[in-house]
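In case you want the letters, here they are:
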Amino acid sequence: MFDVAISLNGNNFFCKLIVDSYFFEKNKYEYAFYLMRVGDKYKSDARWYEENMEANFGKNYAPGMYYIRCFIRDKEIRNTRIFDSQEMSIYT
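Residues numbered from 1 in each chain as written. Predicted model: local features only at pLDDT ≥ 70, side-chain atom pairs only at ≥ 80, totals over all residues. Heavy atoms only, no water.

(A) Broad picture of the sheet that holds strand 5 (residues 54–57). Taking strand neighbours across the sheet as the criterion, the 3 strands line up as 1-2-5 in an open arrangement whose pairing is antiparallel. This sheet does not close on itself; its edge strands, each paired only once, are strand 1 (2–9) and strand 5. Strand-to-strand twist across the sheet, computed as the mean angle between neighbouring axes with direction ignored, equals 15°. As defined by bridge partners, strand 1 adjoins strand 2 (residues 12–19) across 8 bridges and the pair is classed as antiparallel. (Pairing = 2+ DSSP bridges. Helix = DSSP H or I, 4+ residues; strand = E, 2+ residues; numbered from the N terminus. Axes fitted to C-alpha atoms, helices over the stretch in contact; angles between N-to-C directions.)

What follows is the structure in structure tokens.
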């Protein structure tokens, strides 16, 4: 039902939450995206909660494997679901 797509253009990460459900009401939720480096405990970058289901990250990141962690928060109930993208290599 949910998938997080990740792509890379130069040093810019692009991510998008993909929802495969007719019943999902995207306006009921807010979305946050964290760029995570595999093996690191903390996020490398973040885009805090907004109504946009896409995010871009464009800094000079260290070489390594990265993935996107997407948080979906219900605006009314405030519960959160978390989904991760596939891993992607940069400069390795």
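Further notes follow.
(B) Looking closely at the side chain of Asp74. As for its position among the elements, Asp74 is in strand 6 (residues 64–74). Polar contacts involving the side chain of Asp74 include one to the main-chain amide nitrogen of Ile77, which spans 2.8 Å. Setting aside its immediate chain neighbours within four residues, Asp74 contacts Lys28, Tyr29 and Asn79. (Polar contact = N/O pair within 3.5 Å; in protein donor to acceptor, adjacent residues only side chain to side chain. Contact = heavy atoms within 4.5 Å.)

(C) Spatial organisation of the nonpolar core. With 20 residues, the main nonpolar core has Phe13, Leu17, Tyr31, Phe33, Phe57 and Ile68 as its most contacted residues. Of all the secondary structure elements, the ones that give two or more residues to this core are strand 1, strand 2, strand 3 (29–37), strand 5 and strand 6. The contacts of Ile68, once residues within four sequence positions are left out, are Val4, Ile6, Cys15, Phe33, Tyr34, Leu35, Phe57, Phe83, Asp84 and Ser85. With 5 residues, the next largest nonpolar core counts Ala32, Tyr34, Met36 and Phe71 among its residues. (Core = buried A, V, L, I, M, F, W, Y, C linked by side-chain atoms within 4.5 Å. Buried < 20%, exposed > 50% of the residue type's maximum accessible area, 1.4 Å probe, protein only.)

(D) Summary view of the side chain of Arg47. Following the sequence through the fold, Arg47 ends up in strand 4 (residues 43–50). Since its relative accessible area comes to 11%, Arg47 is described here as buried.

(E) Seen up close, the packing of aromatic side chains. Taken as a whole and assessed by the stated rule, the structure comprises 8 aromatic pairs. Note on Phe24 and Tyr29: the rings are 4.9 Å apart at their centroids and 10° apart in plane angle, and the pair reads as stacked. Taking the relative accessible area as the measure of exposure, Phe24 reaches 14% and is therefore buried. Residue class for Tyr29 comes out buried when judged on its relative accessible area of 13%. The aromatic ring of Tyr49 is capped on one face by Arg73, whose charged end is 3.7 Å from the ring centroid. (Phe/Tyr/Trp six-rings, centres within 6.5 Å; stacked < 30°, edge-to-face > 60°. Lys NZ or Arg CZ within 6 Å of the ring centre and 35° of its normal.)

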